[in-house]
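Chain by chain, the residues:
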Amino acid sequence: MFSKLATLALALASFVPLAAAHGTMSAVVIDGKRYDGPLPAPDEPGKDFAIRQVNSVNPVKGTDNPDINCGHNAQKATLVADAAPGSTVQFIWRNGERGSWVHNTGPVMTYMAACGDQGCTTFDSANAQFFKISELGKKPEGGWYMADLTTSTDASLSVTLPENLPAGEYLLRHELIAMQLGMSPGGAEFYPACVQIRLSAPTRNGAALPSGNEVTTFPGAYKDTDPGIYTPNIYEPTLNYVFPGPPVIALAAADPSTDPSGSGSDTPTTPTNTESDGTPSSSSSTEAPAPTGGSGCGGGSRSRKTKRRVVKRVVRYAQAAQAAAGLKKRAPMAVGYVAAPQHKRVAVPVAEEERPFVRSRVMRAV
């Protein structure tokens, strides 16, 4: 069955216009601030970017190709985007005609490399020691996370930066590997892109940079015959996909926001609504009402005698309610956890049982 799907995919691909069938990274959003990327060369005069510019929307072919590093003839960028430990970074990809992304089969992986004391604006990425911080492949319910990029022109996938990296400037390498031709050696299509970021950690002592088998180079990280790059049964529904390259570093794998399925900390993200200048658009909010004055419990208009009568009545009511419920005191509240978006846990109170009690400043005074 999957061989028929593969044949159909190849046939459909032949009817897609060349530019629309490929593409580049369109923008990156870091903690809500958007940095648009450059169009493929020629240069756009008078504009600065944090995304390194490539000169083609076509995929990189072959794992030994030097362009697998940051893309076709990628040029150093003039800007360095600000980030912080734990920042959320969203990646937006578009096709060569600036429409939505088209490929829907294959992994999405994110790497980082320190630019050193010289900074990223002059750093040669051919010398980079890349380490992997996230990877996304197949969804538990079927399909691939890459397909989420095809839903709109601003659809994105996001990653949470590791908490304990040293401060400094880094290349953030985001990579899509389109696998519709990965049934044959050399058929996989690589779409790498590099973003220059400055990671600040003013109150945090960063751990040492990853080393050993956690770091790699591009080219050098992959071979055309590696599992996950050459995968004859890529369209098999029960495929257990194997990611190419090094493992996700321990610093990122230990992050509590990491996807528990083992897919890494990349997560699908609802498109961010940002203004055209890159700043997040304001959203409506409702402020809590201010405390109001008055002569209620604890107010100043009642006499002491009246207050004592109120206290006695409240105490009698509370004692009667407790006796009726068979409780000497309020039972403790249990704290449970519910899943929140972006895999962050939020503590919420969960009542163990209902019981009557009086919400009153007078009772607190008693």
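Quick caveat: nothing in here was measured; it's all calculated off a predicted structure.

Rules used throughout
- Residues numbered from 1 in each chain as written.
- Predicted model: local features only at pLDDT ≥ 70, side-chain atom pairs only at ≥ 80, totals over all residues.
- Heavy atoms only, no water.
- Helix = DSSP H or I, 4+ residues; strand = E, 2+ residues; numbered from the N terminus.
- Contact = heavy atoms within 4.5 Å.
- Areas by Shrake-Rupley, 256 points an atom, 1.4 Å probe, with all protein chains shown as cover.
- Polar contact = N/O pair within 3.5 Å; in protein donor to acceptor, adjacent residues only side chain to side chain.
- Disulfide = S-S within 2.5 Å.
- Buried < 20%, exposed > 50% of the residue type's maximum accessible area, 1.4 Å probe, protein only.
- Salt bridge = Lys/Arg side-chain N within 4 Å of Asp/Glu carboxyl O.

### With respect to the overall build of the protein chain
- When helices and strands are counted, the protein chain shows 5 helices and 14 strands.
- Contacts spanning at least 24 positions in sequence make up 75% of the contacts within the protein chain whose residues lie at least 6 apart.
- Only carbon and sulfur atoms are counted for the fraction: they give 53% of the accessible area of the protein chain, which is about 19400 Å².

### Some words on the environment of K139
- Among the structural elements, K139 can be located in the loop between strand 7 (130–136) and strand 8 (156–160).
- Here the side chain of K139 touches D148 through a polar contact of 2.8 Å, side chain to side chain.

### Focus on the side chain of R173
- Mapped onto the elements, R173 comes out in strand 9 (residues 168–178).
- Polar contacts involving the side chain of R173 include one to the main-chain carbonyl oxygen of N69, which spans 2.7 Å.
- In terms of polar contacts, R173 uses its side chain to reach the side chain of E175, at 3.0 Å.
- Once you skip the residues sitting within four places of it in the chain, R173 turns out to touch I68, N69, M109, T110, Y111, F130, P192, A193, C194, F218 and Y222.

### Here we look at the state of the cysteines
- In total, this model carries 2 disulfides according to the counting rule given.
- Shown here is the disulfide that connects C70 with C194, its sulfur atoms set 2.0 Å apart. Given an S-S torsion of about -80°, the disulfide between C70 and C194 has left-handed geometry. A residue pair is termed long-range when its members are at least 10 positions apart, and C70 in the loop between strand 3 (60–61) and strand 4 (81–83) and C194 in strand 10 (residues 189–199) qualify at 124 residues.
- Exposure remark for C194: the relative accessible area of 0% places this residue in the buried category.
- Through a disulfide, C115 is tied to C120; the S-S separation comes to 2.0 Å. As the torsion about the S-S bond is roughly 90°, the C115-C120 disulfide counts as right-handed. Like C115, the residue C120 is buried in the burial classification.

### Re the pattern of salt bridges
- Under the defined criterion, the tally for this structure stands at 8 salt bridges.
- The salt bridge involving D148 is made with K139; its shortest N-O contact spans 2.8 Å. For the pair shown, D148 and K139 are each scored as buried.
- A salt bridge links E175 to R173; the shortest N-O distance between them is 3.0 Å.
- Given a relative accessible area of 0%, E175 falls into the buried group.
- For R173, a relative accessible area of 0% translates into the label buried.
- Among the ionic contacts, a cluster of salt bridges with common partners joins R34, D36, R94 and D154.

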